[in-house]
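Letter by letter, the chains look like this.
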Amino acid sequence: MDQFYHDKFYHSVGLQEELCKGCIDCLKRCPTQAIRVRNGKARIESKFCIDCGECIRVCQYHAKQSTYDKADLQKQYAYTIALPDSSLYGQFNNLDDVNLILNTLLAMGFDDVYEVGAAAEIVSEATRAYIKEHADGLPYISTACPSVVRLIRMRFPNLLPNLLPINPPMEVAASLAAQAAMEKTGLPREKIGIFFLSPCPSKVTYARSPLGTKKSQVDHVLAIKELYPQLVSQMEAFQGSIREINACGKIGIGFGRRGGEAAGLLLENYLTADGIENVIRVLEDLEDQKFSNLKFVELSACSGGCVGGVLTVENPYAAEAKLKHLSKYMPVSRSHMEPGIEHLVLQSEEITYEPVLHLGESILESFARLNQVERLCKKLPGLDCGSCGAPTCKALAEDIVRGKAAEQDCAYYVRENLHRLLDETSALSDDVHAGMWGERENLTSLKEQLRKLSEEVALLETFTEKERQEKK
């Protein structure tokens, strides 16, 4: 079953094992408890991971890394298009004109540029219209952050009907860019390369395994942090005339920061949250129906919004301030919903529940295992220290029920049982020395108890030695 989920889900976040020191920083910070530490190395449980990149952010040894494409893949195509995310504009100091970045991307070898911010304004317009026409489904939850959508899919199935059935701006931008390029060049789609410039690993995952559409129109995803040095160098050396390419205004630029999407809807009664831990709290409260009169909920897994992605270079709060400054004198919007593109904006497939958190194959088996978990939790100390390689005592209990861990993995459990075994051994020894042998069968029983105790002590000693070696 685990292999099934491993094959089913593409993940852009991975472990470079030789760099991992077996610390538990990532273990404690993972919002979906997708990480375990076994045999001195971290392990990522594929079916639980939402590619939020939090483990990349906190790993001081750089053992967690994101996969993404390289710019030299442009050579495979006859015509290439760059899709810069709005968060890219917040990475540069003293930037007054977005067109400088867009022209530099053309100078770097791209044949065309299509701003994701322009698609964001189309998405914003489509969202306003959809909310107005479908008021019975309020509040609607943004689908712009792939990590949030995947989190809802696996942990909050009751909120699936609240997901806005509109493709994220990166997908709309890719579809519109590909369509325009085919009309302009006459080339078939396979000869046109669409390159998205991403601030985070979750969008890399989306391009490979999209939700809400059968296949993404994004061919390759480049990391902003990889392109940044080359962009800075070429922007400083740029000598040509700057063409007016910018096609988005305040709404499009605002999508790169927290609250920008919700503000662009020009609605009242909306809620925004950024940072995956805050997102989970909001989703829990939404599921418990603690909010009233909400129309829209914008959730970003990264602190600060997309500018806080782990594939960016600038401090997210500084980048947010730069985006606000950059868009100060821009028009509200420059791109609008054109007739005939509705099929590119609306999702073509329903986003369904993925029950990865179930303990069993059936409801009865899940309930039986849940009872086992509860009994184990009463035996475990409840300290959630992480020394067992699981983030919490409950997670360890679930791992034990799934057959992936043992009670002896808990150091506190081992110590308590070691003391108990020593006390019992001492009591038996006292009985022997006092001459309390009794009948022959009692002697046999005592010998059997001693044999079992000896085996348990040997097992505990083995575990203790193993733990000592791992700490070294």
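Source: prediction; values computed, not measured.

Here is what the cut-offs are and how they apply
- By convention here, each chain's residues receive numbers from 1 onward along its written sequence.
- For a predicted model such as this one, the threshold for reporting local features is a pLDDT of at least 70, and the threshold for listing and counting side-chain atom pairs is 80 or more; totals across whole chains, interfaces and linings nevertheless cover every residue.
- In computing side-chain properties, one takes all heavy atoms of the structure into account and sets aside hydrogens as well as water.
- Helix and strand assignments come from DSSP, with helices taken as H or I runs of at least 4 residues and strands as E runs of at least 2, each series counted from the N terminus.
- With a 1.4 Å probe rolled over the protein chains alone, any residue whose accessible area is under 20% of its type maximum counts as buried; one over 50% counts as exposed, and the rest are partly exposed.
- For this analysis, residues touch if any pair of their heavy atoms sits within 4.5 Å.
- Per-residue and other accessible areas follow the Shrake-Rupley method at a 1.4 Å probe size, with only the shown protein chains counted as cover for residues.
- For two strands to pair, DSSP has to find at least two bridges joining them.
- Here, axes are lines fitted to C-alpha atoms. For helices the fit covers the stretch in contact, and angles between N-to-C directions go from 0 to 180 degrees.
- Using a 1 Å grid laid over the protein atoms alone, points where a 1.4 Å probe fits but cannot get out form a cavity; open sets with protein on both sides within 12 Å along at least 5 of 7 lines form a pocket; any residue with an atom within 4 Å of a point counts as lining.
- Grid points are joined across faces, edges and corners, and a volume is the space filled by probe spheres set on the points.
- Basically, the charged four are Asp, Glu, Lys and Arg, the nonpolar ten are Ala, Val, Leu, Ile, Met, Phe, Trp, Tyr, Cys and Pro, and anything else, Gly included, counts as polar.
- pLDDT measures how confident the predictor is about each residue, on a scale from 0 to 100.
- This arc describes the spread of directions from the helix axis toward the C-beta atoms.
- Each polar contact in these results corresponds to two N or O atoms within 3.5 Å; when the atoms are within protein, one needs to be able to donate a hydrogen and the other to accept it, and residues that are neighboring in sequence are counted only if both atoms are side-chain atoms.
- Between the rings of Phe, Tyr and Trp (Trp by its six-membered ring), a pair exists once the centres lie within 6.5 Å; its type follows the angle of the planes, with under 30 degrees stacked, over 60 edge-to-face, and the other angles tilted.

Chemist: When you look at the overall build of the protein chain in this model, what are you seeing that I'm missing?
Modeler: A count of helical and extended segments in the protein chain gives 18 helices and eleven strands. Evaluated residue by residue, the protein chain yields a buried proportion of 51% over its 472 residues. Contacts in the protein chain between residues at least 24 apart in sequence constitute 78% of all its contacts with a sequence separation of at least 6. A total of about 22,900 Å² of accessible surface is found on the protein chain, and carbon and sulfur atoms cover 50% of it.

Chemist: Would you take a moment to explain the sheet that holds strand 6 (residues 112-113) for this structure?
Modeler: Hydrogen bonds along the backbone pair up the strands of a sheet, which may run parallel or antiparallel. The four strands lie next to each other as 6-5-8-9, forming an open sheet whose pairing is parallel. For this open sheet the edge positions go to strand 6 and strand 9 (220-223), each flanked by a neighbour on one side alone. The pairing of strand 5 (residues 79-84) with strand 8 (residues 192-198) spans six bridges and is parallel. Across the sheet, residue Thr80 finds its bridge partner in strand 8, namely Gly193. Along the sheet, helix 9 (residues 224-237) makes contact with strand 8 and strand 9, crossing strand 9 at roughly 65°.

Chemist: Sorry, what's going on with empty space enclosed by the protein here?
Modeler: Rolled over the atoms, a probe sized like a water molecule indicates the empty space that remains. As enumerated under the stated definition, the model contains nine cavities of 30 Å³ or more in all. Counted as a void, the largest cavity has a volume near 280 Å³. Taken together, 25 residues make up the lining of the largest cavity; nearest its centre are Ala144, Cys145, Lys203, Phe255 and Cys306. Counting only elements with at least two residues in the lining of the largest cavity, the list comes to helix 7 (169-185), helix 8 (201-208) and strand 11 (296-300). Ranked by residues supplied to the lining of the largest cavity, first place goes to strand 11 with three residues. The residue inventory of the lining of the largest cavity, partitioned by class, reads 13 nonpolar, seven polar and five charged.

Chemist: Can you walk me through the confidence of the model for the protein chain in this structure?
Modeler: Caution applies to low-pLDDT regions: their predicted coordinates should not be interpreted in detail. Residue-level pLDDT values for the protein chain average 89, and 86% of them are 70 or greater. Within the model, pLDDT remains below 50 along residues 1-6, and this stretch shows nine contacts once partners closer than five positions in the same chain are excluded.

Chemist: Honestly, the sheet that holds strand 11 in this entry has me stumped. Any pointers?
Modeler: Strand order in the open sheet formed by three strands is 7-11-10, with parallel pairing between adjacent strands. Two strands lie at the open edges of the sheet, namely strand 7 (140-141) and strand 10 (270-274), each paired on one side alone. Where strand 10 meets strand 11, five bridges bridge the pair, whose relative direction is parallel. When the sheet's bridge partners are listed, Asp274 is paired in strand 11 with Ser300. Across the sheet, helix 12 (residues 276-287) touches strand 7, strand 10 and strand 11, and the angle it forms with strand 11 is around 150°.

Chemist: How do you make sense of helix 13 (residues 316-326) when you look at a structure like this?
Modeler: Considered for burial, the residues of helix 13 that qualify are Pro316, Ala319, Glu320, Lys322, Leu323 and Leu326. Buried residues of helix 13 fall within an arc of 160° about the axis and therefore sit on the same side. On the buried face of helix 13, the contacting elements are helix 4 (98-107) and helix 10 (250-254). Sitting at the amino-terminal end of helix 13 is Asn315, which places a side-chain oxygen 2.9 Å from the backbone nitrogen of Tyr317.

Chemist: It is not clear to me how the packing of aromatic side chains should be interpreted in this structure. Could you clarify?
Modeler: Given two aromatic rings, one states the distance between the centres and the angle between the planes to describe the pair. Enumeration according to the criterion identifies four aromatic pairs in this entry. For the pair Tyr77 and Phe195, a centre-to-centre distance of 6.0 Å together with 90° between the ring planes defines the contact as edge-to-face. With a gap of 118 residues between them, Tyr77 in the loop between strand 4 (64-66) and strand 5 and Phe195 in strand 8 connect regions that are remote in the sequence. Exposure remark for Tyr77: the relative accessible area of 18% places this residue in the buried category. For the ring pair Tyr130 and Tyr140, a centre distance of 5.5 Å and an interplane angle of 80° mean the geometry is edge-to-face. Residue Tyr130 is located in helix 5 (residues 116-133), and its partner Tyr140 is located in strand 7; the two are separated by ten residues in the primary sequence. The class of Tyr130 is buried, set by a relative accessible area of 18%. Each member of the aromatic cluster is reached from another via a ring pair, and the members are Tyr77, Phe110 and Phe195.

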